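For reference, the chains in residue letters:
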Amino acid sequence: PPAIMDRFNRAAGGGSPGGSWVVGQGTWGVTGEQLYCTSLTIGDVITQSVELPDGVLRMVGQDNTGSPFNQVFDLCFHIRVTYAGAIDLTNMLYLRYSGSTLDLRKIDGGTHSSLATATVSLLADATNVALDVRFFGSQVQVWVNGVLTLTHELAEANRKYLEYPRIGLRCGATSVG
């Protein structure tokens, strides 16, 4: 199975996330092994193409409240690509983790809606948070620091997302603290 790991451990720069990331929207950069969205626009996205119908995505981040790079990133998966090969940012599934809330969401034709939510304990500033999104068939599980926190079965109408091949990160908010 394909594996993608990116620790963003490369030269600082504010024009591109580098690596094998493709900018779908916005301007992204890396500094001090941290990814940030320099355009500071909610909805900006970077993606990678990976044939991953079933699998696990992991994002490890920190709660950096008060940092100049304090941004909320959504972990995106099953992002649609059009028949012409264009990345369609109006159709995807994504997980948002902010404060004490996990929110499994979808964008369907540009309309955002929540599929399932869960509450997790607040973390101290600069605490590493490991988020795992596991998807097998129509079931999505979310694990926080190794603890199963949310399980959701995609309804028939939402199973179309299973055909979409891209994963990514989305600027979900520009500041939370």
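This one's a predicted model, so the numbers in the text were calculated from it and none came from an experiment. (Residues numbered from 1 in each chain as written. Predicted model: local features only at pLDDT ≥ 70, side-chain atom pairs only at ≥ 80, totals over all residues. Heavy atoms only, no water.)

Let us now look at the pairing of strand 12 (residues 139-144). Among the six residues in strand 12, five count as buried, and that is most of the element. Two elements, strand 11 (residues 128-136) and strand 12, share six bridges in a ladder whose sense is antiparallel. Paired with F135 across the bridge in strand 12 is V140. Counting the residues that bridge the hairpin from strand 11 to strand 12 gives two residues, and of these G137 lies at a positive phi of roughly 60°. Where strand 12 meets strand 13 (residues 147-153), six bridges bridge the pair, whose relative direction is antiparallel. The partner of Q141 across the bridge, within strand 13, is T151. Where strand 12 folds back on strand 13, the antiparallel hairpin that results is connected by two residues, among which N145 adopts a positive phi of roughly 50°. (Buried < 20%, exposed > 50% of the residue type's maximum accessible area, 1.4 Å probe, protein only. Helix = DSSP H or I, 4+ residues; strand = E, 2+ residues; numbered from the N terminus. Pairing = 2+ DSSP bridges.)

Moving on, we come to the packing of aromatic side chains. Scanning the model with the defined rule gives three aromatic pairs in all. Note on F77 and F135: the rings are 5.2 Å apart at their centroids and 10° apart in plane angle, and the pair reads as stacked. Of the two residues, F77 is situated in strand 6 (residues 72-81) and F135 in strand 11; the sequence distance between them amounts to 58 residues. Owing to a relative accessible area of 0%, F77 belongs among the buried residues under this scheme. Seen in terms of ring centroids, Y161 and Y164 are 5.7 Å apart; in terms of plane orientation they differ by 80°. Their pairing is edge-to-face. By relative accessible area, Y161 is classed as buried at 0%. Among the residues examined, Y164 registers a relative accessible area of 14% and is labelled buried. If you follow R134 out to its NZ or CZ, it ends over the ring of W143, 4.1 Å from the centre. Directly above the aromatic system of Y94 lies the positively charged group of R170, at a separation of 4.9 Å from the ring centroid. (Phe/Tyr/Trp six-rings, centres within 6.5 Å; stacked < 30°, edge-to-face > 60°. Lys NZ or Arg CZ within 6 Å of the ring centre and 35° of its normal.)

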